Amino acid sequence: MPTTTDHRTGRTGRTRGTATLLAAALAAATVAAVALVGVAPAQASGKTSTGGDYAVTVNGTTTNPAVGKDYKLRDTAVSGTIAVRGKHNGFDIRLADLGVYDYTLTGAPDSQRMVTKPTVVFASKVPSLTAAQLAGTRLSSLEVRDDTLVAIFSTGAGKFKIQAKDGAQGGIFQMETEFAGPVTFTHTLGAGLFYFVNPYTGKVNFGDGTAAVTSGSDAHQMLLGKDSPQVATKTSQTATTTTWTVQPGGRLGGVLGEDAVELSAGATNCTSDCQAQNQIRGSLPVPPDPVDPTPIASR
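Criteria and cut-off values
- For every chain, the first residue of the written sequence is number 1, and numbering continues from 1 onward in sequence order.
- pLDDT decides what is reported in this predicted model: residues at 70 or higher carry local features, side-chain atom pairs at 80 or more are listed and counted, and totals for whole chains, interfaces and linings draw on all residues regardless.
- Only heavy atoms go into the side-chain values, all of them from the structure, while hydrogens and water stay out.
- Under the scheme used here, helices are H or I runs from DSSP no shorter than 4 residues and strands are E runs no shorter than 2 residues, and both carry numbers assigned from the N terminus.
- For the exposure calls, accessible area comes from a 1.4 Å probe over protein chains only, and a residue counts as buried if that area is under 20% of its type's maximum, exposed if over 50%, partly exposed in between.
- Between two residues, a contact is recorded if the distance between any of their heavy atoms is within 4.5 Å.
- In short, Shrake-Rupley with a 1.4 Å probe defines the accessible areas, and a residue's cover is counted only from the protein chains shown.
- A pairing counts as a salt bridge when a side-chain nitrogen of Lys or Arg comes within 4 Å of a carboxyl oxygen of Asp or Glu.
- Any two rings among Phe, Tyr and Trp, with Trp reduced to its six-membered ring, count as a pair given centres within 6.5 Å; such a pair is stacked if its planes are under 30 degrees apart, edge-to-face if over 60, and tilted if neither.
- A pair of strands counts as paired when DSSP detects no fewer than two bridges linking them.

### Structural notes on the overall build of the protein
Of the regular secondary structure elements, the protein holds 3 helices and 18 strands. A burial count over the protein gives 51% of its 299 residues as buried. For the protein, the proportion of contacts with a sequence separation of at least 24, taken over those separated by at least 6, is 63%. Carbon and sulfur atoms make up 54% of the accessible area of the protein, which totals about 12,600 Å².

### Quick look at the pattern of salt bridges
A full pass over the atoms with the stated rule returns 6 salt bridges. A salt bridge links Asp 70 to Arg 145, with the shortest nitrogen-to-oxygen separation between them at 3.2 Å. Taken together, the residues Asp 70 in strand E4 (residues 70-76) and Arg 145 in strand E9 (residues 138-145) connect sequence positions 75 residues apart. Looking at Arg 145, the relative accessible area reads 36%, which means it is partly exposed. A salt bridge links Asp 75 to Arg 138, with the shortest nitrogen-to-oxygen separation between them at 2.7 Å. Linking Asp 75 in strand E4 with Arg 138 in strand E9, this pair joins segments that are 63 residues apart in sequence. Accessibility expressed as a relative area gives 29% for Arg 138, which makes it partly exposed.

### Quick word on the packing of aromatic side chains
Per the counting criterion, the structure on display carries 7 aromatic pairs. Relative to Phe 173, the ring of Tyr 103 has its centre 5.4 Å away and its plane inclined at 65°; by these criteria the two rings are edge-to-face. Of this pair, Tyr 103 sits in strand E7 (residues 99-105) while Phe 173 sits in strand E12 (residues 170-179), and the two are 70 residues apart along the sequence. Each member of the pair, Tyr 103 as well as Phe 173, is classed as buried. Following the ring pairs from residue to residue traces out a cluster consisting of Phe 91, Tyr 103 and Phe 173.

### Some points on the pairing of strand E14 (residues 194-197)
Summarising the sheet, E14 and strand E15 (residues 204-207) pair through 4 bridges and their orientation is antiparallel. Within E15, the position partnered with Tyr 195 by the bridge is Phe 206.

### Overview of the environment of Asp 146
If you trace the backbone, Asp 146 turns up in the loop between E9 and strand E10 (148-154). Between the C-alpha atom of Asp 146 and that of Asn 64, which follows or precedes it by 82 residues, the distance is 8.3 Å.

### Some points on the side chain of His 88
Mapped onto the secondary structure, His 88 falls in the loop between strand E5 (81-85) and strand E6 (89-94). Of the residues examined, His 88 reaches a relative accessible area of 3% and is grouped as buried. Each residue touching His 88, except ones within four places of it in the same chain, is listed here: Ser 49, Thr 50, Gly 51, Gly 52, Thr 104, Leu 105, Thr 106, Ala 108, Asp 110, Asp 166, Gly 167 and Ala 168.

### Structural notes on unusual backbone geometry
Phi is positive for Asp 75, which is not a glycine, with a value near 45°. Phi at Leu 98 takes a positive value of approximately 60°, unusual for a residue other than glycine. Along the chain, Leu 98 falls in the loop between E6 and E7. For Leu 98, a relative accessible area of 0% gives the class buried.

As structure tokens, this is what we get:
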């Protein structure tokens, strides 16, 4: 499956003509960050988790396709929730509001893991849709193959798409809207997580403040993430929630790990073929982990 965000997986280096100018600007930012802490930043590794494997439960039936095989559904009436469970992450999609609930990192052994036990990163990611927008909701299509999932829902007023990848970090989740007008999304973090301003980048990240463990059976990276909007505007921010207004054709994704903190420019304001326009592909420097981050004040 293509990367589930606009600029985050399958990283091999820049190919676009604007790379030189952007690299120069980012180099200046990197120097400033290094001068601040006296430590050279690492490079984004470009590694992805291995062995992802999604199983999906629809209308009480659980399916886990064999390695390399597809599982597809078309135009299906669904009740209750669709449960998505993988090796590295899992979540539920509630048909009543098309919200995603209990997005969880499992902590399965992996060089890219950021937790060592099941941890709810997002308690919920919920679009504010009217009764008219939700009327007649059906699962238009569902495709599951190994570590990837694409679900498209059709309603009487438009379409709603969810893409996910079963990885421990990276660009592994996004939601897209295809309605006539903007849609408000509310993101609520799981217990113990909070939003904070990264002192090395000035960007808003989220995490639990737990430092990385570099070796041993409990080895893990620091839990770090970032909301990844496109054609969307943040309308509120607290220590545990954000709200976004997403325009038609826009999307609201999420990135975890190194990709959430690397010294990159924001996504472009595009609504089609955005992957190619926004690829970073691991060529940018990664600042040190923040030390004792402080929950952000409401704003």
